[in-house]
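So the chains spell out like this:
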Amino acid sequence: MSDTSLMAKDRLSHTITACRSCGSVHLVEILDLGTTPLADRLVAPGKADEPELTFPLKVAVCQDCSLVQITETVAPEILFADAYPYYSSFSPALLKHSRENVLARIAERDLGEDSLVIELASNDGYLLKNYVEHGIDVLGIDPADGPADAARKVGVPTMCDFFTLDLAKQLAAEGKSADIIHGNNVLAHVADTNGFVAGIATLLKPNGVAVIEAPYLKPLIEHVEFDTIYHEHLLYLSVTALDHLFRRHGLYLNHIEHLSIHGGSLRLFVEPFENQKESVKAALADEKNIGMTGTAYFEDFSARVNRLRTDLVDMVTKLKSEGASIAAYGAAAKGATMLNYCGLSSKELDFVVDRNVHKQGQMMPGAQLLVREPEALVTEQPDYVVMLAWNFADEILQQQSEYREKGGKFIIPVPSPRIV
Ligand code: JHZ
């Protein structure tokens, strides 16, 4: 796919002036995280001295449809297609979560020989492979070459492309229509929000369902999960904003489930007919009640984000002054936001570990920490490890029992820094 160096600077990003969903110009800024490098754009060691691409990272809320969104759109070809390093299959917890999702859908739907399940942003086939095992036809669509190749290797037919309304129309013209469309952690990533949802409407069978997962705005705000804000995530979703968005395309958010994954997510059940369940009614009422449909709810968020930064930097500075060595766990995209916003780098942290072999040997953007294999925690035994992938804390703490038994401690930064 396209290489950044071939793109004119002015085509790399643009700032929006209207809501990504409803088009209103009534956007109110609620947070400014400064100018940051791209969270998943790892740096090759030989390129440490080359300047990194950086872009403004500001968050606004739409006063008309309540959608929270960042105001800068970085070209998707830069974000997702150019050596995108995220492979879903490196987390056993995510694999289990996805398998359970598929088994529940198979149990509740009458899927057979004529059925088709499509996944948008199917990554390395981590989810669809479970349908393949049950003999159900699938089609994965993902713009990143590496993960798409990995998916084909595990038997998941995959188109390497961005999902757009045009692509949906092309697939529909070829006779494809879906019983289920999955889209996990992708709705918030797409700049043409309305085109993406219209594409789903185009491909769903009249009795089909789109089962979509996305981080939920409420825990993000309440637990100060500000590090999940980066350029890949254009939207921060509430049920209110989603309800408006889907209705515009003849789709209905009929049911939701609350999930603990990624710091608190929603699983949305979206259908081409209206049958709103209590789960949605309750969430809409709750969001209205707590003020999420206005701007007041967000007023102290920026101050709480600043407080977390001060607390984490103070903690790290104090430990360093006492002679402690500190590393980090998880070369996660959210880790890049955390490190860059807090100004933590190789001065304070020795290295970061991550199981993803595609990340190892490279450096985290901005902070330029070298990514090493998790075994380095036991061989190097740093005194403390900042848990950047705090959303998988339980899994990682368990996996790192040897490091912990030898006296190693983790610093969990969210919702406020604490040592475990
Ligand atoms: P993880 C990703 O964000 C990318 P990130 C993306 N933008 C998105 O939308 C969100 O997910 C939802 C590693 N790890 O998944 C793997 C271990 O090393 O929280 C990952 O590199 N050992 C599409 O990148 C990182 O940590 C482990 O035991 O913020 C976690 O990144 C486990 C469990 C993970 O998301």
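None of the values given here were measured: they were computed from a predicted structure.

### What about the site of the ligand?
In the vicinity of the ligand lie 23 residues, with Lys-334, Asp-354, Arg-355, Asn-391 and Gln-399 positioned nearest. Lys-334 has a polar side-chain atom sitting 2.7 Å from an oxygen atom of the ligand. At 2.7 Å from an oxygen atom of the ligand is found a side-chain nitrogen or oxygen belonging to Asn-391. Protein chains bury 96% of the 720 Å² of accessible surface belonging to the ligand in isolation. Elements represented by at least two residues in the shell around the ligand include exactly helix 11 (333-342) and helix 13 (393-399). When grouped by side-chain class, the residues that make up the shell around the ligand number nine nonpolar, eight polar and six charged. A domain split of the shell around the ligand shows at least three residues from each of domain 2 (88-274) and domain 3 (301-419).

### Points about the nonpolar core
Core analysis: the biggest nonpolar cluster contains 112 residues, and Ile-200, Ile-229 and Phe-246 have the highest contact counts within it. Broken down by element, the residue count for this core peaks at seven residues, all from helix 10 (residues 301-321). Ignoring sequence-local partners within four residues, the contact set of Phe-246 consists of Leu-187, Val-197, Ile-212, Leu-251, Tyr-252, Leu-253, Leu-268 and Val-270. Listed in part, the 15 residues of the second largest apolar core include Leu-111, Tyr-131, Val-156 and Val-209.

### A word on the sheet that holds strand 2 (residues 27-37)
On the basis of which strands lie adjacent, the open sheet formed by four strands has the order 2-3-4-11 and antiparallel pairing. Strand pairing shows two members of the sheet lacking a second neighbour, strand 2 and strand 11 (235-236), which therefore form its edges. One ladder, built from two bridges, connects strand 4 (residues 68-70) with strand 11; its direction is antiparallel. Looking at strand 11, one finds that Val-68 is bridged to Tyr-236.

### Some thoughts on helix 4 (residues 145-153)
Three or more residues of helix 4 are buried, namely Pro-147, Ala-148 and Ala-151. When helix 4 is viewed along its axis, its buried side chains cluster within an angular range of 100° and face the same direction. Elements in contact with the buried residues of helix 4: strand 8 (158-159). Of the residues trailing helix 4, Gly-155 is marked for its positive phi of about 85°.

### Structural notes on the domain arrangement of the chain
Here the chain is partitioned into domain 1 (3-74), domain 2 (88-274) and domain 3 (301-419). Each of domain 1 and domain 2 was reduced to a C-alpha centroid, and the two centroids are 23 Å apart. Each side of the interface is counted separately: domain 1 has 23 residues, and domain 2 has 20 residues. In total, domain 1 and domain 2 occlude about 1600 Å² of area from one another, counting both sides; carbon and sulfur atoms represent 67% of this. If you look at where domain 1 meets domain 2, you find zero salt bridges. Contributing elements (two or more residues each) for the side of domain 1 that touches domain 2: strand 2, strand 3 (54-62), strand 4 and strand 5 (72-74). Looking at the side of domain 1 that touches domain 2, its residues break down into 15 nonpolar, five polar and three charged.

### Description of the side chain of Thr-36
Along the polypeptide, Thr-36 turns up in strand 2. By relative accessible area, which is 6% here, Thr-36 ends up buried. In this structure Thr-36 touches Leu-53, Thr-54, Phe-55, Leu-57 and His-231, once residues within four positions along its chain are discounted.

### Examining the packing of aromatic side chains
Enumeration over the complete set of coordinates arrives at five aromatic pairs. With centroids separated by 6.4 Å and ring planes inclined at 75°, the aromatic side chains of Tyr-87 and Phe-90 adopt a geometry described as edge-to-face. Judged by relative accessible area, which is 12%, Tyr-87 ranks as buried. The exposure class assigned to Phe-90 is partly exposed, which follows from its relative accessible area of 28%. Sitting above the plane of the Trp-390 ring, Lys-334 keeps its charged end 5.9 Å from the centroid. Here Arg-372 stacks its cationic end above the ring of Phe-351, 4.9 Å away from the centre of that ring.

### Re the pairing of strand 7 (residues 137-141)
Extensive coverage of strand 7 is indicated by the burial of four of its five residues. The pairing of strand 6 (residues 116-120) with strand 7 spans five bridges and is classified as parallel. If you follow Leu-116 over to strand 7, its bridge partner there is Asp-137. With respect to chirality, the unit in which strand 6 leads through helix 3 (residues 128-133) into the neighbouring parallel strand 7 is right-handed. Across two bridges, strand 7 lies against strand 8 in parallel orientation. Each bridged residue has a counterpart across the sheet, and for Ile-141 the counterpart in strand 8 is Met-159. The parallel pair strand 7 and strand 8, bridged by helix 4, forms a crossover whose chirality is right-handed.

### Thoughts on the environment of His-182
Within the fold, His-182 resides in strand 9 (residues 178-184). A C-alpha to C-alpha distance of 8.6 Å links His-182 and Ala-121, two positions 61 residues apart in sequence. Non-local contacts of His-182, meaning those with residues more than four positions away in its chain, are made with Asn-101, Arg-105, Val-117, Ile-118, Glu-119, Leu-120, Leu-127, Tyr-131 and Val-211.

### A look at the environment of Leu-94
By secondary structure assignment, the location of Leu-94 is in helix 2 (residues 92-108). Those residues in contact with Leu-94 that sit more than four places away from it in its chain are Tyr-86, Ser-88, Ile-261 and His-262.

About the criteria used
Residues numbered from 1 in each chain as written. Predicted model: local features only at pLDDT ≥ 70, side-chain atom pairs only at ≥ 80, totals over all residues. Heavy atoms only, no water. Near = heavy atom within 4 Å. Polar contact = N/O pair within 3.5 Å; in protein donor to acceptor, adjacent residues only side chain to side chain. Areas by Shrake-Rupley, 256 points an atom, 1.4 Å probe, with all protein chains shown as cover. Helix = DSSP H or I, 4+ residues; strand = E, 2+ residues; numbered from the N terminus. Nonpolar A, V, L, I, M, F, W, Y, C, P; charged D, E, K, R; others polar. Domains from an automatic or database assignment. Core = buried A, V, L, I, M, F, W, Y, C linked by side-chain atoms within 4.5 Å. Buried < 20%, exposed > 50% of the residue type's maximum accessible area, 1.4 Å probe, protein only. Contact = heavy atoms within 4.5 Å. Pairing = 2+ DSSP bridges. Arc of directions from axis to C-beta. Buried area = accessible area lost by both parts, 1.4 Å probe. Salt bridge = Lys/Arg side-chain N within 4 Å of Asp/Glu carboxyl O. Phe/Tyr/Trp six-rings, centres within 6.5 Å; stacked < 30°, edge-to-face > 60°. Lys NZ or Arg CZ within 6 Å of the ring centre and 35° of its normal. Right-handed = clockwise from strand over helix to strand, strands pointing away.

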